Amino acid sequence: MAKSVLVIGGGPAGLGAAKALGSLGIPTVLVEKEDKLGGRPVIEDYHTLIPRKMKPDQVIGPFVSEVQNNPNVDVKLGTEVEAVEGEAPNFKVKLSNGETVEAAAIVVATGFQHFDPKRKGELGYGIYPDVITNLELEQMFSREGKLYRPSNGELPKRVAFVFCVGSRDRQLGVTNVHCCRYGCALSGLQGSEIRQHYPEVNVFCYYMDVRTYGTWEYPFYWEPQEKHGVRYVRGRIAEITYNPADGRLRIKHEDTIVQRPSEVPMDLVVLVLGMEPSEGTKKIAKMLGLAQDPDSLFLLPAEDAASNITSNKAGVFIAGACKGPIDIESSIAEGEAAGAEAAAFIGAKVTA
Amino acid sequence: MAIHERSLVEPERVLRKERLVIDGIDVSGDWNLVILPRVIEDYDLDFLDEVLKQPEGKTILQCYQCSYCTASCPVHNYWDERYNPRHFIYLARLGLIDELQKRADVIWRCVSCHKCTHRCPKGVLVEETLKAILKVMSKKGLIEEYPSKKFDTFFLEAVFEHGRIEDGELLFGWIEKQGYEVFKDPVLKKPIPFLGGTPEWLKQLAIKPIKSMNIDFLILNAKHMLFHPKTKNWNRFKQVLRKVMDEEGVSFVH
């Protein structure tokens, strides 16, 4: 039997790896614990993806169909990895469906999970229906196609984005001190979408600093402000309360530019969630003995490797959000790179 | 009762009564003092819409608060730190009117050096934007007509009359408009410098540059004071300008 590669995770990074390996003619097993390929963007119905403002189907759809139709790729849905024995290039991997896969190399693409905002009780998520997450806002757009206040179904007059919920926060322990990397940009995009479709709705972004790095600066920071009139207010939201007199929320913060405390009425508050390593990532890290960041538990690349897809273990490659917050197009690129590295590792000869 | 950190409490937020009775209980003495909170309770979002309607205010949304303008601003740096163009833009965008009003005494102090506009990395026309903010403020009755506006009008009238300004006429005319007595010769009615009620500080201010002036330039200035220079064909141009202004309903005096 030809040497094969195991890809763990069927999200953007895993699909990138499986597509690359499949098209190189290498036998590949793709294990996905959900019963659908595509990862968070597809399963959770993201609306528009940063940075290229495409729909999940447009971005991930072609990868899914290519992987599913490639005879070299064996897709196992609803399946998890239960145990891994041996070393590269002779891994013996036990799956939850009872099968055992022999793999010469492994690509880990087990991804992230969204921060649970109930852990920040002062922000009132789960208490006030009009405090929602940015994920729920995406789903509001993608599943229902309209913006409304969950409490009464009406169009909000004002929407506030609360940046860095579950990010850059030592109060949660040492686990969430990192930046989520996508939040500023996604909020800029969501704010612009709201202003485009509902010009009468005022949108506010409450930020400490705006981290739309690199080429994201213009489309996700300048454009929302200049073209769509999204207002940026500096100050971290410390508390969200409800005023029964007018049925609106109050967001409590210090406007750090004016240096005055503020308690301003809002109709809909959107919490911009941070990223944490998924349960699967933590489990696979233990199973394979992969290096983890001691605080966040994200996977760490090998110390002496120039490329961040090389893990501390020979024959194991790590790609996507299991290593820390990352955007979708970079996840796909890392997956493809990890696939190519895995192909090189097993010594596959590629002929035209 | 004593107020700690007095510098943080504006006088208008302090309520102090000599005698104070609440719910029938006399609380005069130690409990006679209330400091009103400084919490921002709402934004006035219409203010920005008004600024955006002004032709000068179109670029206000481009500001990202880097403060390159304020760091360059001579008024902020050498006159009063409360003059802060970056901050005015922020306040206008959120509609924090009370904060703008607090600075009503400095907000019109721009000297139009345009360093802010030339340097702004975001292409905000800062000087124009501030004029738009001022315009909206005075339109909404939030400040009295700002003094620099009076000078602008005076200046424009001089340009309109002759197609150009004449330094002496502008200076002495303005001094006269401020209520100082300017001595004039009885025949030509031209102002004679340093006679009459010219204030001492102004004499000092004027003598300094005159002393170091090139003699030809001095003569030229004196000549201009006597015979007002005029732009060529200005009268015809002025007629066209007046016609256009009448049609558009524009005037210097608002």
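Residues numbered from 1 in each chain as written. Chains lettered and ligands numbered in written order. Predicted model: local features only at pLDDT ≥ 70, side-chain atom pairs only at ≥ 80, totals over all residues.

Colleague: What should I look at first to understand the overall build of chain B in this one?
Modeller: Within chain B, the regular secondary structure consists of 12 helices and 6 strands. Viewed in the frame of its principal axes, chain B has a C-alpha envelope of about 80 × 40 × 35 Å. Scored against the burial criterion, the 254 residues of chain B give a buried share of 19%. By sequence separation, contacts in chain B at least 24 residues apart represent 57% of the contacts at least 6 residues apart. (Helix = DSSP H or I, 4+ residues; strand = E, 2+ residues; numbered from the N terminus. Buried ≥ 20, exposed ≤ 12 C-beta atoms within 10 Å, placed from the backbone. Contact = placed C-beta atoms within 7 Å.)

Colleague: Just checking my understanding: could you explain helix α6 (residues 217–226) of chain A for this structure?
Modeller: Owing to its 3.6 residues per turn, the α-helix aligns residues three or four sequence positions apart on the same side. All names here are of chain A. Within the sequence span of α6, burial applies to Phe220, Tyr221, Pro224 and Gln225. The arc that holds the buried residues of α6, viewed along the axis, is 100°, so those residues lie on one side. Along its buried surface, α6 packs onto α5 (183–197) and β12 (231–234). (Arc of directions from axis to C-beta.)

Colleague: Can you help me understand the domain arrangement of chain B in this one?
Modeller: By a frequent convention, interface size equals the accessible area lost on bringing the separate parts together. Domain assignment breaks chain B into domain 1 (6–35), domain 2 (46–144) and domain 3 (148–248). Between the C-alpha centres of domain 1 of chain B and domain 3 of chain B the distance comes to 55 Å. (Domains from an automatic or database assignment.)

Colleague: Would you mind showing me how to read the interface of chain B and chain A here?
Modeller: In this assembly, 15 residues from chain B lie in contact with 15 residues from chain A. With 3 residues, the top contributor of residues to the side of chain B that touches chain A is helix α4 (residues 85–94) of chain B. The residue inventory of the side of chain B that touches chain A, partitioned by class, reads 8 nonpolar, 2 polar and 5 charged. (Nonpolar A, V, L, I, M, F, W, Y, C, P; charged D, E, K, R; others polar.)

Colleague: Please explain the sheet that holds strand β6 (residues 100–103) of chain A as it appears in this structure.
Modeller: Adjacent strands of a sheet form backbone hydrogen bonds with each other and so pair up, either parallel or antiparallel. All names here are of chain A. If you walk across this open sheet you meet the 3 strands as β4-β5-β6, and the pairing is antiparallel. The open sheet has two free edges, formed respectively by β4 (81–85) and β6, since each of these has just one partner strand. Averaged over all neighbouring strand pairs, the angle between strand axes comes to 25°, with direction disregarded. Note: strand β5 (residues 91–95) against β6, 4 bridges, orientation antiparallel. Directly across from Val93, in β6, lies its bridge partner Val101. (Pairing = 2+ DSSP bridges. Axes fitted to C-alpha atoms, helices over the stretch in contact; angles between N-to-C directions.)

Colleague: I keep staring at unusual backbone geometry and nothing clicks. Help me out?
Modeller: Most of the time, phi is negative for any residue but glycine, and the peptide bond is trans. Residue and element names in this part refer to chain A. Residue Ile50 is joined to Pro51 through a cis peptide bond whose omega torsion reads 0°. Relative to the elements of secondary structure, Pro51 occurs in the loop between α2 (39–43) and α3 (56–69). Omega for the bond connecting Ala88 with Pro89 falls within 30 degrees of zero, at 0°, which places this linkage in the cis form. Residue position: Pro89 is located in the loop between β4 and β5. Its identity is not glycine, yet Arg168 carries a phi of approximately 50°, on the positive side. Topologically, Arg168 is positioned in the loop between β10 (158–165) and α5.

Colleague: Would you explain the nonpolar core in this entry?
Modeller: In summary, soluble globular proteins display a tendency toward joint burial of nonpolar side chains. Core analysis: the biggest nonpolar cluster contains 134 residues, and Val107, Val108, Val162, Val269 and Val270 of chain A have the highest contact counts within it. Among residues more than four places away in sequence, those in contact with Val162 of chain A are Leu123, Tyr206, Ile237, Val269, Val270, Leu271 and Val272 of chain A. (Core = buried A, V, L, I, M, F, W, Y, C linked by C-beta atoms within 7 Å.)

Colleague: Sorry if this is basic, but what is going on with the packing of helix α4 (residues 134–144) of chain A against α5 of chain A here?
Modeller: Between two packed helices, both the angle of their axes relative to each other and the distance between the axes serve to describe the pair. All names here are of chain A. Direction vectors running N to C along α4 and α5 enclose 40°, while the axes themselves pass 12 Å from each other. The handedness of the crossing between α4 and α5 is left-handed. Residues Asn134, Leu137 and Phe141 of α4 touch α5, and the partners they reach there are Leu186, Ser187, Gln190 and Glu193. Among the residues forming the contact of α4 with α5, the class breakdown is 3 nonpolar, 3 polar and 1 charged. (Left-handed = near helix turned anticlockwise from the far one by under 90°.)

Colleague: Quick question: what am I supposed to make of helix α1 (residues 12–23) of chain A here?
Modeller: All names here are of chain A. For α1, built from 12 residues, the straight-helix expectation of 16 Å at 1.5 Å per residue is met to within 8% by its first-to-last C-alpha distance of 16 Å. For α1, the complete set of buried residues consists of Pro12, Ala13, Gly14, Leu15, Gly16, Ala17, Ala18, Lys19, Ala20, Leu21 and Gly22. Of the residues flanking the end of α1, it is Gly25, one or two places downstream, whose phi is positive at about 80°. (Expected span 1.5 Å × (residues − 1).)

Colleague: How should I be thinking about the packing of α1 of chain A against α3 of chain A in this particular structure?
Modeller: Residue and element names in this part refer to chain A. Relative orientation of the contacting elements α1 and α3 amounts to 45°, with a least axis distance of 9 Å. Judged by the inter-axis angle, α1 sits oblique to α3. Where α1 crosses over α3, the handedness of that crossing is left-handed. Contacts between α1 and α3 pair Pro12, Leu15, Gly16, Ala18, Lys19 and Gly22 from the former with Ile60, Phe63, Val64, Glu66 and Val67 from the latter. (Parallel < 35°, antiparallel > 145°, perpendicular 65-115°, else oblique.)

Colleague: I tried to follow the pairing of strand β16 (residues 268–273) of chain A on my own but got confused; where do I start?
Modeller: All names here are of chain A. Taken across its 6 residues, β16 has 6 buried, putting it largely inside the fold. Residues Leu268, Val270 and Val272 line one face of β16 and the alternating positions Val269, Leu271 and Leu273 line the opposite face, and both faces are buried. Sheet analysis places strand β9 (residues 131–133) next to β16, joined by 3 bridges and oriented parallel. Bridge pairing in β16 places Val131 opposite Val269.

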